[in-house]
Amino acid sequence: QVQLVESGGGLVQPGGSLRLSCAASGSIFRINAMGWYRQAPGKQRELVAQITSGGSTNYADSVKGRFTISRDNAKNTMYLQMNSLKPEDTAVYYCRVKIVAADLYEYDYWGQGTQVTVSS
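Residues numbered from 1 in each chain as written. Predicted model: local features only at pLDDT ≥ 70, side-chain atom pairs only at ≥ 80, totals over all residues. Heavy atoms only, no water.

Caption draft 1: Main features of the overall build of the protein chain. A count of helices and strands for the protein chain gives zero helices and 11 strands. For the protein chain, the succession of helices and strands along the chain, N to C, is β-β-β-β-β-β-β-β-β-β-β. Rg of the C-alpha trace for the protein chain: 14 Å, near the compact-globule value of 14 Å for 120 residues, within the 12% margin. If one aligns the C-alpha atoms of the protein chain with their principal axes, the spans along those axes are about 50 × 25 × 25 Å. Across the 120 residues of the protein chain, 40% fall into the buried class. Residue pairs at least 24 apart in sequence account for 54% of intrachain contacts in the protein chain once pairs closer than 6 positions are excluded. For the protein chain, the distance from the average position of its 12 positive side-chain charges to the average position of its 9 negative side-chain charges is 3 Å. (Helix = DSSP H or I, 4+ residues; strand = E, 2+ residues; numbered from the N terminus. Rg over C-alpha atoms; globule rule 2.2 N^0.38 Å. Buried < 20%, exposed > 50% of the residue type's maximum accessible area, 1.4 Å probe, protein only. Contact = heavy atoms within 4.5 Å. Lys, Arg positive; Asp, Glu negative; His and termini not counted. Charge placed at Lys NZ, Arg CZ, Asp CG, Glu CD.)

This is the structure:
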């Protein structure tokens, strides 16, 4: 079994910053791609950023230059540094992690979500 624990969400004023974390624990042989998604009320879940096991990154156009995704493989943890936040960044943010278990199969896990609210 694998558990994903997200943290770091909250209320912030426009222009402010937040740092999200997603820590994986449990039966993990290797972690492949990791990513952050978000879902605003009444909208579909969308990709925010993703990072491969080798460190290559990809961002949604709406967050390029403001958000930075990173990972600490030793801690099985992924981060999302969010700067210059805008009201339209308000959403529930989910981490998604592709984990290779002891059986060498890859499994897809989602975090429980953390609320980010950008408002004055």
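On we go from here.
Caption draft 2: Representation of the state of the cysteines in the model. One pass over the full model with this rule turns up one disulfide. Across the disulfide from Cys22 sits Cys95; the S-S distance is 2.2 Å. Every disulfide takes its handedness from the sign of the S-S torsion; for Cys22 and Cys95 that torsion is 55°, giving right-handed. Taken as a pair, Cys22 in strand S3 (residues 18-26) and Cys95 in strand S9 (residues 91-100) lie far apart in primary sequence, 73 residues in all. Residue Cys95 is classed as buried on the basis of its relative accessible area of 0%. (Disulfide = S-S within 2.5 Å.)

Caption draft 3: Examining the environment of Met34 more closely. Structurally, the position occupied by Met34 is in strand S4 (residues 30-39). Overall, the relative accessible area of 3% leaves Met34 in the buried class. For the pair Met34 and Ile99, spaced 65 residues apart in sequence, the C-alpha to C-alpha distance is 8.9 Å. Residue contacts for Met34: discarding those within four places in its chain leaves Gln50, Ile51, Ile69, Arg71, Thr77, Met78, Arg96 and Val97.

Caption draft 4: Expanded view of the sheet that holds strand S8 (residues 77-82). In spatial order, the strands read S1-S3-S8-S7; together these four strands make up an open sheet with antiparallel pairing. The strands lining the two open edges of the sheet, one partner per strand, are strand S1 (2-7) and strand S7 (67-72). On average, each strand axis in the sheet is tilted by 15° relative to the strand beside it, whichever way the strands run. Pairing between S1 and S3: six bridges, direction antiparallel. Bridging across to S3, Leu4 finds its partner in Ala24. (Pairing = 2+ DSSP bridges. Axes fitted to C-alpha atoms, helices over the stretch in contact; angles between N-to-C directions.)

Caption draft 5: The arrangement of the packing of aromatic side chains in detail. Tallied over the entire structure, the rule returns one aromatic pair. A cation over an aromatic ring shows up here: Arg19 above the ring of Tyr79, its NZ or CZ 4.0 Å from the ring centre. The ring of Trp110 carries the charged tip of Arg45 above its face, separated from the ring centre by 4.7 Å. (Phe/Tyr/Trp six-rings, centres within 6.5 Å; stacked < 30°, edge-to-face > 60°. Lys NZ or Arg CZ within 6 Å of the ring centre and 35° of its normal.)

Caption draft 6: Representation of the nonpolar core within the structure. With 30 residues, the main nonpolar core has Trp36, Leu80, Met82 and Tyr93 as its most contacted residues. Of all elements in the fold, only S1, S3, S4, strand S5 (46-51), S7, S8, S9 and strand S11 (114-118) reach the threshold of two or more residues within this core. The greatest single-element share of this core, amounting to five residues, is contributed by S9. Those residues in contact with Tyr93 that sit more than four places away from it in its chain are Glu6, Leu20, Tyr37, Arg38, Val48, Phe67, Leu80, Met82, Gly113, Thr114 and Val116. (Core = buried A, V, L, I, M, F, W, Y, C linked by side-chain atoms within 4.5 Å.)

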